[in-house]
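Each chain, written out:
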Amino acid sequence: MIHIQENEEEALACPHCYETVDMHHYVVGVYERQGGEDKDGVLTLIEGLKVTQKQVPEKQMPGRRNTVAIRFLCWNCQHESTLQLKQHKGACLLSWHGIKARQPELEDQPEPEEPPCDPPTDAD
Ligand SMILES: [Zn+2]
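Notes on the structure in this doc start here. Worth saying up front: this structure is predicted, and the values here are computed from it rather than measured.

**Some words on the overall build of the protein**
Turning to step 1, where the next piece is worked out: Along its length, the protein carries 0 helices and 6 strands.
Turning to step 2, where the next piece is worked out: Going from the N terminus to the C terminus, the protein shows its helices and strands as β-β-β-β-β-β.
Turning to step 3, where the next piece is worked out: Burial analysis of the protein (124 residues in total) assigns 9% to the buried set.
Turning to step 4, where the next piece is worked out: Expressed as a percentage of contacts within the protein between residues at least 6 apart in sequence, the contacts between residues at least 24 apart total 38%.

Quick look at the structure:
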């Protein structure tokens, strides 16, 4: 279910913690079918000023037609989520997907610890 805080600006709520003040969108993807519904498509990803495109097989395309997907990070609960707007049989469907705890970036992860010494054996 999509929760929108009812105020002047209708703030979108996090689908995990329902907070509205810490939702930040950071990637926008547009899935475009090539040759009509139920065909392979192209995903255009916009990350800041970087725009990339890649082919998407029919089985991995969301919905029957075209889809706009917006990836969010909630700074309150550190969960990521994707809001999809799918064109489907004349309707525009709005739904959340991929709600999960944020994985730390590689540079944020601690250095791996030294492996423990091998246990002594009978030969020692
Ligand atoms: Zn949240």
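**As for unusual backbone geometry**
Turning to step 1, where the next piece is worked out: Here the phi dihedral of Tyr18 falls at roughly 65°; this positive angle occurs in a residue that is not glycine.
Turning to step 2, where the next piece is worked out: Taking the number of C-beta atoms within 10 Å as the measure of exposure, Tyr18 has 12 and is therefore exposed.
Turning to step 3, where the next piece is worked out: Even without being a glycine, Gln78 presents a positive backbone phi close to 60°.
Turning to step 4, where the next piece is worked out: By secondary structure assignment, the location of Gln78 is in the loop between strand 4 (67-74) and strand 5 (79-88).
Turning to step 5, where the next piece is worked out: On the neighbour-count criterion, Gln78 (14 C-beta atoms within 10 Å) is partly exposed.

**Examining the pairing of strand 1 (residues 23-33)**
Turning to step 1, where the next piece is worked out: Pairing of strand 1 with strand 4 involves 8 bridges; the strand directions are antiparallel. For Tyr31, the partnering residue across the bridge sits in strand 4 and is Thr67.
Turning to step 2, where the next piece is worked out: With 6 bridges connecting them, strand 1 and strand 2 (residues 41-47) associate as antiparallel partners. For Glu32, the partnering residue across the bridge sits in strand 2 and is Val42.

**What about the environment of Val27?**
Turning to step 1, where the next piece is worked out: Its place among the elements puts Val27 in strand 1.
Turning to step 2, where the next piece is worked out: You can call Val27 partly exposed: it has 16 C-beta atoms within 10 Å.
Turning to step 3, where the next piece is worked out: Sequence-wise, Val27 and Ile46 are 19 residues apart; in three dimensions their C-alpha atoms are separated by 5.8 Å.
Turning to step 4, where the next piece is worked out: Setting aside chain neighbours within four positions, we find Val27 in contact with Leu45, Ile46, Glu47 and Arg71.

**Focus: the sheet that holds strand 4**
One key point about sheets: their strands pair by backbone hydrogen bonds, in either a parallel or an antiparallel sense.
Turning to step 1, where the next piece is worked out: The 6 strands are arranged 3-2-1-4-5-6 in an open sheet whose pairing can be described as antiparallel. Every interior strand has two partners, whereas the edge strands, strand 3 (50-56) and strand 6 (91-101), have only one. For this sheet, the mean inter-axis angle between neighbouring strands, taken without regard to orientation, is 20°.

**Quick look at the environment of Ile46**
Turning to step 1, where the next piece is worked out: Mapped onto the fold, Ile46 is located in strand 2.
Turning to step 2, where the next piece is worked out: In this structure Ile46 comes out as partly exposed when scored by C-beta crowding, with 14 C-beta atoms within 10 Å.
Turning to step 3, where the next piece is worked out: Sequence separation of Ile46 and Ile70 is 24 residues, and the distance between their C-alpha atoms is 9.7 Å.
Turning to step 4, where the next piece is worked out: Ignoring anything within four residues of it in the chain, the contact list for Ile46 reads Val27, Val28 and Val51.

About the criteria used
What you see as residue numbers is a count from 1 along each chain, following the sequence as written. Reporting of local features is limited, given that this is a predicted model, to residues whose pLDDT is at least 70; pairs of side-chain atoms are given and counted only at 80 or more, and all residues count toward the totals for whole chains, interfaces and linings. Helix and strand definitions here come from DSSP, where helices need a minimum of 4 consecutive H or I residues and strands a minimum of 2 consecutive E residues; each element is numbered from the N-terminal end. Three classes are used. A residue is buried when 20 or more other C-beta atoms lie within 10 Å of its own, exposed when 12 or fewer do, and partly exposed in between, with C-beta atoms placed from the backbone. Here the contact rule is simple: place C-beta atoms from the backbone, and any two residues whose C-beta atoms are within 7 Å are in contact. At least two bridges found by DSSP between two strands are what make those strands a pair. To get an axis, a line is fitted to the C-alpha atoms, and for a helix only the part in contact is used. The angle between two axes follows their N-to-C directions and goes from 0 to 180 degrees.

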